[in-house]
Amino acid sequence: MREPIYRITFDNGNKFKGGTNYFKTGWTTIPDENKIKTIFYRLPNRGYLRLEGYDKYFHMIEATMNLTGKKKGKPKIRYVYIMGEKDNIVTCYKIKLIDRPTEEIINIQTYNKNDEFIRKLNPLGWKLGGI
Amino acid sequence: MATALTMSCNTGVSDVAHPSGEWEDVAFLTDKLIWTDGGTGVEDGDDTPSDAELNEASPVIPSVTPYEIPKLFLLDYSDTGQELKEISLAGSDDNRYVLRFYFDGGTGTEPSLEAWDDDAHDSNDSPCLGAGDGADSYIKVVRTTDGSPGASWTGDPLGGSTHKSNMNGGAGALGSALAIYYNIKVVIPVGATASADSPVLTVRWTWL
């Protein structure tokens, strides 16, 4: 059985396993009544990224589909974005899933929660965090 | 669950929304879009044109005024023997329902329509994409989901990271499934560099 792409521990001790592939992440099935204490996110290099201490968390997968030219046809998974917000600052961990040697596996960028990129995220993607 | 994307082209003569009229779904793996002047072997209902036929039908670089390539075809590989289907509503006329992009669910962010040199999505150096400056791209699009573009519409150039089209009109992520419409054209500027370009048109989107 394949490893889940992330594992969550809630502040009540309950646990949740994400989907095993990027097309079925399971993020929207995380019970809203539970608060996330820790997320362990699987990295392409077999390591894990650990997130905790945020007030809320966001997750999404970025893909592209080429309509013309070569290598068209199938959606190509490019990046995972996993974010945590605390004290009006959103820390975005962009995890590289494509073969692009010039990029780091994880690119970290911070935003103010009122930045356009953050404001225009799908609100359904946010899950509450808890200590 | 991942949000899936399907694309369809209006191959009829009526400017009506899908599924009315004549719409062809694009098989991303095999089908192609071809901009051409048209000619022998490169007309609606023809079979797959040869390279020689395509070269013969290629547009000439204008010397006086910009030249809009008159014909756009969908090369529909599934329709053996008559693969070329003209998308006659594409171009500067006031047509709304030309290309349709359907997302079958919500997204994490706003989808974008983009154009790149290749699958690496890190350059737009080819002449048709503006030779590094997306503002000079020959490919122009106008989002028509909310209304017709108007006669002789100008549209926005597509090229590289600086010139993309927000497919939800700048409103952000899709909350649910949505059909998004576009019109598209290719306009060659005066004195353009001769080239044979195969740019990559790309849709970029996210799911939760």
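Conventions adopted
Residues numbered from 1 in each chain as written. Chains lettered and ligands numbered in written order. Predicted model: local features only at pLDDT ≥ 70, side-chain atom pairs only at ≥ 80, totals over all residues. Heavy atoms only, no water. Phe/Tyr/Trp six-rings, centres within 6.5 Å; stacked < 30°, edge-to-face > 60°. Helix = DSSP H or I, 4+ residues; strand = E, 2+ residues; numbered from the N terminus. Buried < 20%, exposed > 50% of the residue type's maximum accessible area, 1.4 Å probe, protein only. Lys NZ or Arg CZ within 6 Å of the ring centre and 35° of its normal. Contact = heavy atoms within 4.5 Å. Salt bridge = Lys/Arg side-chain N within 4 Å of Asp/Glu carboxyl O. Pairing = 2+ DSSP bridges. Axes fitted to C-alpha atoms, helices over the stretch in contact; angles between N-to-C directions. Lys, Arg positive; Asp, Glu negative; His and termini not counted. Polar contact = N/O pair within 3.5 Å; in protein donor to acceptor, adjacent residues only side chain to side chain. pLDDT = per-residue confidence, 0-100. Core = buried A, V, L, I, M, F, W, Y, C linked by side-chain atoms within 4.5 Å. Buried area = accessible area lost by both parts, 1.4 Å probe. Nonpolar A, V, L, I, M, F, W, Y, C, P; charged D, E, K, R; others polar.

Right, let's talk about the packing of aromatic side chains for a bit. Scanning the entire structure with this criterion turns up 13 aromatic pairs over all chains. On the numbers, 5.6 Å between centres and 70° between planes, the contact of Tyr6 of chain A with Trp27 of chain A is edge-to-face. Of this pair, Tyr6 of chain A sits in strand 1 (residues 6-10) while Trp27 of chain A sits in the loop between strand 2 (15-17) and strand 3 (36-42); the two residues are 21 residues apart in sequence, bridging distant segments of the chain. Considered together, Tyr6 of chain A and Trp27 of chain A belong to a single accessibility category, that of buried residues. Residues Trp23 of chain B and Tyr181 of chain B carry aromatic rings whose centres are separated by 5.9 Å and whose planes lie at 65° to one another, so their mutual orientation is edge-to-face. Taken together, the residues span a long stretch of sequence, with Trp23 of chain B in strand 2 (residues 23-25) and Tyr181 of chain B in strand 12 (residues 178-188) at a distance of 158 residues. Each of the two residues, Trp23 of chain B as well as Tyr181 of chain B, counts as buried. Joined through ring pairs, the aromatic side chains of Tyr6, Phe16, Trp27 and Tyr41 of chain A make up one cluster. Across from the ring centre of Tyr79 of chain A, 4.2 Å away, lies the NZ or CZ of Lys94 of chain A, which sits over that ring. The positively charged end of Lys185 of chain B is found above the aromatic ring belonging to Trp153 of chain B, 4.3 Å away from the centroid.

A few words on the environment of Asp104 of chain B. All names here are of chain B. For Asp104, the position within the fold is in the loop between strand 7 (99-103) and strand 8 (112-116). Residue Asp104 is classed as partly exposed on the basis of its relative accessible area, which comes to 42%. The sequence separation of Asp104 and Asp125 amounts to 21 residues, and the corresponding C-alpha distance is 33 Å. Not counting chain neighbours up to four residues away, the residues in contact with Asp104 comprise Ala2, Thr3, Ala4 and Ala177.

Inspection of the entire model under this criterion finds 15 salt bridges over all chains. Where Glu116 of chain A meets Lys120 of chain A, a salt bridge forms, and the shortest distance between an N and an O atom there is 2.9 Å. Note that Lys85 of chain B is salt-bridged to Asp76 of chain B, the shortest N-O span being 3.2 Å. There is no split in this pair, since Lys85 of chain B and Asp76 of chain B are both buried.

Bringing the sheet that holds strand 3 (residues 32-36) of chain B into the picture now. All names here are of chain B. Pairing in this open sheet of three strands is antiparallel, and the strands run 3-5-6 from one edge to the other. What marks the edges here is a single partner per strand, and that holds for strand 3 and strand 6 (84-86). For this sheet, the mean angle separating the axes of adjacent strands, direction not counted, is 35°. As paired elements, strand 3 and strand 5 (residues 71-75) share five bridges and run antiparallel to each other.

On to the sheet that holds strand 2 of chain A, then. Residues and elements named next belong to chain A. One open sheet accounts for four strands, arranged 2-1-3-4; its pairing is antiparallel. Looking at which strands have only one partner, the edges of the open sheet turn out to be strand 2 and strand 4 (48-52). When the angles between neighbouring strand axes are averaged without regard to direction, this sheet yields 15°. As paired elements, strand 1 and strand 2 share three bridges and run antiparallel to each other. Bridged to Arg7 within strand 2 is Lys17.

This next bit is on the side chain of Lys140 of chain B. Residues and elements named next belong to chain B. Looking at where Lys140 falls in the secondary structure, it is placed in strand 9 (residues 139-143). There is no salt bridge for the buried Lys140, and the closest opposite charge comes from Asp136, which lies 6.9 Å off by N-O distance. Of the polar contacts made by the side chain of Lys140, one reaches the backbone oxygen of Ser137; its length is 2.8 Å. Not counting chain neighbours up to four residues away, the residues in contact with Lys140 comprise Ala135, Trp153, Thr154, Asp156, Pro157, Asn183, Ile184, Lys185 and Val187.

Another point: the confidence of the model for chain B. Of all residues in chain B, 100% attain a pLDDT of 70 or more, and the chain-wide mean is 94. Under the prediction, the complex receives an ipTM of 0.94, its pTM being 0.94.

Right, let's get into the nonpolar core. Side chains of nonpolar character tend, in soluble globular proteins, to be buried together. If you look at the biggest cluster of nonpolar residues, it comprises 75 residues, and the most contacted ones within it are Trp27, Ile39 and Tyr41 of chain A together with Phe101 of chain B. Apart from residues lying up to four places away in sequence, Phe101 of chain B is in contact with Leu67 of chain A together with Leu5, Thr6, Met7, Leu113, Met167, Leu178, Ala179, Ile180, Tyr182 and Val203 of chain B. Judged by nonpolar contacts, the second largest core, of six residues, contains Ile34, Val42, Phe73 and Leu84 of chain B.

Moving on to the interface of chain A and chain B. With 32 residues of chain A at the interface, the matching set in chain B holds 35 residues. Both sides together, the interface formed by chain A and chain B hides about 2700 Å², and carbon and sulfur atoms give 58% of it. The interface formed by chain A and chain B includes three salt bridges. Residues Glu62 of chain A and Arg204 of chain B are paired through a salt bridge, measuring 2.9 Å at the closest nitrogen-oxygen approach. At the junction of chain A with chain B, the criterion picks out 19 residue pairs in polar contact (both at pLDDT 80 or more). Among the elements of the structure, strand 5 (56-66) and strand 6 (76-86) of chain A are those that each provide at least two residues to the side of chain A that touches chain B. The greatest single-element share of the side of chain A that touches chain B, amounting to nine residues, is contributed by strand 5 of chain A. Among the residues making up the side of chain A that touches chain B, the classes are represented as 14 nonpolar, 10 polar and eight charged. Examined bridge by bridge, strand 5 of chain A and strand 13 (residues 200-207) of chain B share six bridges and lie antiparallel to one another.

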